[in-house]
Amino acid sequence: MKHRRRGDAAILAQMPNGLSALRFALAAVWIELAARGHQGRLAFAIVAIVAAGSDFIDGRIARRLGVESGSGRWLDAIADVAFVLAALLSEAAAGAIPFYIPILIALSFSQYAIDSVVLGGRAARPVGSRLGHWGGIVNYALVIALAIAPPPALAGAVVRGLAPLVALFYVAAISERAWLFYRAR
């Protein structure tokens, strides 16, 4: 009986990482839907909401279960950027948003990863920033808005119209991280 409880606990402890890894599969689903020219936005909306939901709860579950780890944080961050970039690059290829948005997100994440390794030292844990945290929220807001109603629908048209301001936000986030890196050295 004790052995079974330990096995159940080990499986439960992997739940947060499983939720993070789910976003890789959802990225592949998004790409497949986009490649097939899928016009039914409900499928995109479900994928986007499940991805955002898994990002929202994976860390909370890890903390609640006491299984937080540096590797789990990295898995979470990489799964986020993989999903967001898959979705936004697909939407950029469809003309819904300019390509510079996913490019700036990729640059911002690259900077985050490099800074985290350099500043995190031997622990090499992800190092957060205020604007970087908001960037994650903006990323999912963009994906959900485009999933539900891409241009010319209102939500998508607003996202496309706000693209220069969104780009300025990412430039500000990159600048903030550069400043934090400079101060930390």
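Shown above is the structure to which this text applies.
Counting starts from 1 at the beginning of each chain's written sequence and moves along it residue by residue. pLDDT decides what is reported in this predicted model: residues at 70 or higher carry local features, side-chain atom pairs at 80 or more are listed and counted, and totals for whole chains, interfaces and linings draw on all residues regardless. The side-chain numbers reported here are obtained from all heavy atoms of the structure, hydrogens and water having been left aside.

### Focus on the pattern of salt bridges
Opposite charge on two side chains permits them to pair, given that their charged atoms come into close proximity. Here is the rule: What counts as a salt bridge is simple: a side-chain nitrogen of Lys or Arg found within 4 Å of a carboxyl oxygen of Asp or Glu.
The final tally for this structure, using the stated rule, is eight salt bridges. Note that Arg 73 and Glu 68 form a salt bridge whose closest N and O atoms lie 3.4 Å from each other. Counted as one network, the salt bridges with shared partners bring together Arg 23, Asp 55, Asp 58, Asp 76 and Asp 80.

### Let's talk about the environment of Ala 45
This is how the line gets drawn: A run of H or I in DSSP becomes a helix once it reaches four residues, and a run of E becomes a strand once it reaches two; helices and strands are each numbered from the N terminus. A 1.4 Å probe rolled over the protein chains alone gives each residue an accessible area, and that area as a share of the maximum for its type sets the label: buried under 20%, exposed over 50%, partly exposed in between. Working rule for contacts: check all heavy atoms of both residues, and any pair within 4.5 Å makes them a contact.
By secondary structure assignment, the location of Ala 45 is in helix H3 (residues 41-65). Under the relative-accessibility criterion, Ala 45 is labelled buried at 11%. Measuring from C-alpha to C-alpha, the distance between Ala 45 and Ala 145 comes to 8.5 Å, with 100 residues separating the pair along the chain. When near neighbours in sequence (up to four residues on either side) are disregarded, Ala 45 contacts Ala 147 and Ile 148.

Don't take any of this as a statement about function, it's just geometry.
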